[in-house]
Amino acid sequence: MRQATAVTGIIDSGWAAWLPLELIAALEALGGGAPARRAFRDRLAAGPDPISAERWERFRLVAPSRIDVPATADGLTEAECYTLLEELGLVAGSPPRPVPAEAVELVLTLDHDEVRELEQLRSARVVDGVGDADLSALPSLTDTFGKDVGRNDPCPCGSGKKFKRCHGA
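Residues numbered from 1 in each chain as written. Predicted model: local features only at pLDDT ≥ 70, side-chain atom pairs only at ≥ 80, totals over all residues. Heavy atoms only, no water.

Asker: Outline the environment of E28, listing residues and values.
Answerer: By secondary structure assignment, the location of E28 is in helix α2 (residues 21–31). Each C-alpha atom of the pair E28 and A39 lies 9.5 Å from the other, and the pair is eleven residues apart in sequence. (Helix = DSSP H or I, 4+ residues; strand = E, 2+ residues; numbered from the N terminus.)

Set out below in structure tokens:
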């Protein structure tokens, strides 16, 4: 039950999309018993795979400036993981325990293409029955997330879990 609380806290705090897989594993290890702690240690010992390394880079971009985030997850220790989680306000105490989540405001810098896409989406809004954008160029709202993913395939969200255990439940 503690594991569900830790992961729910990430989702409630807004960090779910940005938190590196190593730190998610650290949170899961807090309440998951010996197998979760062993999986966490094994993940750290193996080092980051390309997906984890990319996610770590994204995390470094959005992490608050008051937090000293290592350049890579290579050689990351359990203590460093829990220190980062504590600085984010996701755990507290010794030994670390999940804390109730608080809202997190993320400020992102968009490049030119992303700004243009955002403006296209904004202009497609219908205001007083009037909308002036070509709706065929916009992403479909009827497409289902993971519709082409098999139950036993990795989840497209990047969590590293099987689709059936993540977004396919």
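Asker: Give me the lowdown on the packing of α2 against helix α3 (residues 33–46), citing residues and values where you can.
Answerer: Where α2 contacts α3, the two axes come as close as 7 Å, and the packing angle between them is 155°. As the angle between them shows, α2 and α3 are arranged roughly antiparallel. Here α2 and α3 pass one another in a crossing that is left-handed. Across from L21, E22, A25, A26, E28, A29 and G31 in α2, the residues of α3 making contact are G33, A36, R37, F40, R43 and L44. Among the residues forming the contact of α2 with α3, the class breakdown is seven nonpolar, two polar and four charged. (Axes fitted to C-alpha atoms, helices over the stretch in contact; angles between N-to-C directions. Parallel < 35°, antiparallel > 145°, perpendicular 65-115°, else oblique. Left-handed = near helix turned anticlockwise from the far one by under 90°. Contact = heavy atoms within 4.5 Å. Nonpolar A, V, L, I, M, F, W, Y, C, P; charged D, E, K, R; others polar.)

Asker: Requested: an account of the environment of I24, with residues and values cited.
Answerer: Within the secondary structure layout, I24 lies in helix α2. With relative accessibility at 16%, the residue I24 sits in the buried group. Taking the C-alpha atoms as reference points, I24 and C81, separated by 57 residues in sequence, lie 9.4 Å from one another. (Buried < 20%, exposed > 50% of the residue type's maximum accessible area, 1.4 Å probe, protein only.)

Asker: Explain α2 to me, using residue names and the numbers behind them.
Answerer: Counting buried residues in α2 gives ten out of eleven residues, a clear majority hidden from the surface. One or two residues past the end of α2 sits G33, with phi positive at roughly 80°.

Asker: Explain the side chain of E28 to me, and be specific about the residues and the numbers.
Answerer: Under the relative-accessibility criterion, E28 is labelled buried at 15%. Looking at E28, its side chain comes within polar contact range of the side chain of K161, at 3.4 Å. (Polar contact = N/O pair within 3.5 Å; in protein donor to acceptor, adjacent residues only side chain to side chain.)

Asker: Go over the nonpolar core with me, naming the residues and quoting the values.
Answerer: L19, L23, F40 and L85 are the most contacted members of the largest nonpolar core, which has 25 residues in total. Elements that contribute at least two residues to this core include exactly α2, α3, α4 (50–62) and α5 (78–88). The element that contributes the greatest number of residues to this core is α2, accounting for eight residues. Sequence-distant contacts of L23, that is, excluding residues within four places in its chain, are made with W56, F59, C81, L84 and L85. (Core = buried A, V, L, I, M, F, W, Y, C linked by side-chain atoms within 4.5 Å.)

Asker: Before we move on, could you go through α5 and cite the residues and values that matter?
Answerer: For α5, every residue scored as buried is listed here: C81, Y82, L84, L85 and L88. Taken end-on, α5 shows its buried residues confined to a sector of 155°, consistent with a single buried face. On the buried face of α5, the contacting elements are α2, α3, α4 and β1 (91–92). Backbone geometry just downstream of α5 places G89 in the positive-phi region, at approximately 85°. (Arc of directions from axis to C-beta.)

Asker: Talk me through the side chain of E22; I want residue IDs and the actual numbers.
Answerer: Tracing the sequence through the fold places E22 in helix α2. Once residues lying within four places of it in the same chain are set aside, the contact partners of E22 are F40, R43, L44, P48, S52, W56, A73, L76 and C81.

Asker: How would you summarise the pattern of salt bridges if you had to cite specific residues and measurements?
Answerer: Tallying each qualifying case throughout the model produces four salt bridges. In this structure, E54 engages R58 in a salt bridge whose closest nitrogen and oxygen atoms are separated by 3.9 Å. Separated by four residues within a single helix, E54 and R58 lie in helix α4, roughly one turn from each other. The salt bridge partner of E57 is R60, with a shortest N-O separation of 3.6 Å. Highlighted residues: E57 and R60, both in helix α4, separated by three residues, approximately one helical turn. Under the relative-accessibility criterion, E57 is labelled partly exposed at 37%. Judged by relative accessible area, which is 36%, R60 ranks as partly exposed. (Salt bridge = Lys/Arg side-chain N within 4 Å of Asp/Glu carboxyl O.)

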